[in-house]
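Residues per chain are reported as follows:
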Amino acid sequence: MNDSIAPGAREFHTTRWSLVLAAQQGGDATRMHRAMSALCQDYWYPLYAFVRRRGHAPHDAQDLTQAFFLSLLETHAAADPARGKFRSYLLGAIKNFLANDWHRTQTQKRGGGQRLVEWDALDAEARYALEPAEQSDAETLYDRRWAMELLARAVEKLRAEFAAKGEAETFEVLKGTLSGAGPDRGQIAQQLGMSEGALKVAIHRLRQSYREVLRAEIAETVDSPEEVDAEMRHLVAVLRS
């Protein structure tokens, strides 16, 4: 990892904000769809879970989440980076969207027939069924799903980096150490043919890379390097709650 993602060093050019704005500029349907697809991929489930926890039935939640992403194409002035973190922007935007939805057309007209999320391939309701019933607050659920999706993306990027170096198997053995899970270190060292000292160094480097990838992911959702630390603290707080 290079130092460009250290606090204060990253240049904020291509971010989630610019994806939203690119999608809203119009004129190029392919570009718009690509930008919105990227957003859907990263944020569809936290938003779907939020809508479900607000009491909407599965099919309605799918329609509403789909329509919400499509509405981002139409609200040219709403996506203002100065309004805060992208996570917070999306939460505020979907609250407003749901509050106004009863004024809209019937469910079958939502989204105008366009499909940005192929729900059948995502098992959205199967995932939602695993959510703890006692976690009744929709905002808490949204934040936790945001955090878990962020961690998952970071792990996938690390997996790809190791695979590119021909070390995919090493990553699969070591990944449990990111959360403290997995077999004891003596067993891991034996499995990888390392001394325990070498394993300690490898785990330290993996965790350092993990933090850097997380920071890079978060940097894509804020407007300045100074906000990265605040989002990292929020991430930790959400995971501990």
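Residues numbered from 1 in each chain as written. Predicted model: local features only at pLDDT ≥ 70, side-chain atom pairs only at ≥ 80, totals over all residues. Heavy atoms only, no water.

1. What about the overall build of the chain?
On a plain count of helices and strands, the chain comes out with 10 helices and zero strands. When the elements of the chain are put in sequence order from the N terminus, they spell out α-α-α-α-α-α-α-α-α-α. The buried share of the chain, reckoned over its 241 residues, is 44%. Put simply, 72% of the contacts in the chain that link residues at least 6 apart link residues at least 24 apart. In the structure as shown, the chain presents an accessible area of about 12,900 Å², 49% of it carried by carbon and sulfur atoms. (Helix = DSSP H or I, 4+ residues; strand = E, 2+ residues; numbered from the N terminus. Buried < 20%, exposed > 50% of the residue type's maximum accessible area, 1.4 Å probe, protein only. Contact = heavy atoms within 4.5 Å. Areas by Shrake-Rupley, 256 points an atom, 1.4 Å probe, with all protein chains shown as cover.)

2. Digging into the packing of helix 4 (residues 86-100) against helix 6 (residues 138-164)
One can describe the packing of helix 4 onto helix 6 by two numbers: an axis separation of 12 Å at closest approach and a directional angle of 140 degrees. Viewed along their axes, helix 4 and helix 6 adopt a mutual orientation that is oblique. In this structure, the crossing between helix 4 and helix 6 has a hand that is right-handed. Of the residues in helix 6, those touching helix 4 at Arg87, Leu90, Leu91 and Lys95 are Glu139, Tyr142, Asp143 and Trp146. (Axes fitted to C-alpha atoms, helices over the stretch in contact; angles between N-to-C directions. Parallel < 35°, antiparallel > 145°, perpendicular 65-115°, else oblique. Left-handed = near helix turned anticlockwise from the far one by under 90°.)

3. Things to note about helix 4
End to end, helix 4 covers 21 Å across 15 residues, agreeing with the expected 21 Å (1.5 Å per residue, within 8%). Every buried residue belonging to helix 4 is among Phe86, Arg87, Tyr89, Leu90, Leu91, Ala93, Ile94, Phe97 and Leu98, and all of these are buried. (Expected span 1.5 Å × (residues − 1).)

4. Here we look at the packing of aromatic side chains
In the structure shown here, the tally under the stated rule is eight aromatic pairs. Geometrically, the ring pair formed by Phe50 and Tyr142 is edge-to-face, given 6.2 Å between the ring centres and 80 degrees between the ring planes. One end of the pair, Phe50, is in helix 2 (residues 29-53); the other, Tyr142, is in helix 6, and 92 residues separate them in sequence. Site record: aromatic cluster; members linked through ring pairs are Tyr43, Phe86 and Tyr89. The residue whose ring lies beneath Arg87 is Trp146, and the NZ or CZ to ring-centre distance is 5.0 Å. Over the aromatic face of Tyr45 sits the side chain of Arg127, whose NZ or CZ is 4.0 Å from the ring centroid. (Phe/Tyr/Trp six-rings, centres within 6.5 Å; stacked < 30°, edge-to-face > 60°. Lys NZ or Arg CZ within 6 Å of the ring centre and 35° of its normal.)

5. A few points about the environment of Glu217
Tracing the backbone shows Glu217 in helix 9 (residues 196-219). Assessed through its relative accessible area of 4%, Glu217 is described here as buried. With 11 residues separating them along the chain, Glu217 and Val228 place their C-alpha atoms 9.5 Å apart.

6. Points about the environment of Thr221
The topology assignment puts Thr221 in the loop between helix 9 and helix 10 (226-240). Taking C-alpha positions, Thr221 is 7.0 Å from Arg87, a pair spaced 134 residues apart along the chain.

7. A few points about helix 8 (residues 185-192)
Put simply, Asp184 is the residue that caps the front of helix 8, since its side-chain oxygen is 3.1 Å from the backbone nitrogen of Gly186. Looking one or two residues past helix 8, Gly193 carries a phi angle of roughly 70 degrees, positive in sign. (Polar contact = N/O pair within 3.5 Å; in protein donor to acceptor, adjacent residues only side chain to side chain.)

8. Details of the packing of helix 3 (residues 58-72) against helix 4
It is the contact of helix 3 with helix 4, at a shortest axis distance of 11 Å, that shows an interaxial angle of 115 degrees. It follows from the interaxial angle that helix 3 and helix 4 lie roughly perpendicular. In the packing of helix 3 onto helix 4, the handedness of the crossing is right-handed. On helix 4, the residues touching Leu64, Ala67, Phe68, Ser71 and Leu72 of helix 3 are Tyr89, Leu90, Ala93, Ile94, Phe97 and Leu98. Among the residues forming the contact of helix 3 with helix 4, the class breakdown is 10 nonpolar, one polar and no charged. (Nonpolar A, V, L, I, M, F, W, Y, C, P; charged D, E, K, R; others polar.)

9. Observations regarding the pattern of salt bridges
Tallied over the entire structure, the rule returns 14 salt bridges. Ionic pairing is found between Asp42 and Arg153, a salt bridge with its closest N-O pair at 3.8 Å. Taken together, the positions of Asp42 in helix 2 and Arg153 in helix 6 put the pair 111 residues apart, joining distant regions of the chain. Residue Arg153 is classed as buried on the basis of its relative accessible area, which comes to 15%. Among the ionic pairs, Glu172 bridges to Arg159, the shortest N-O distance being 2.7 Å. (Salt bridge = Lys/Arg side-chain N within 4 Å of Asp/Glu carboxyl O.)

10. Some words on the confidence of the model for the chain
In this model, the chain carries a mean pLDDT of 79, and residues with pLDDT of at least 70 account for 71%. Residue range residues 1-13 is modelled with pLDDT below 50. Its contacts to residues more than four positions away, or to other chains, number 27 contacts. (pLDDT = per-residue confidence, 0-100.)

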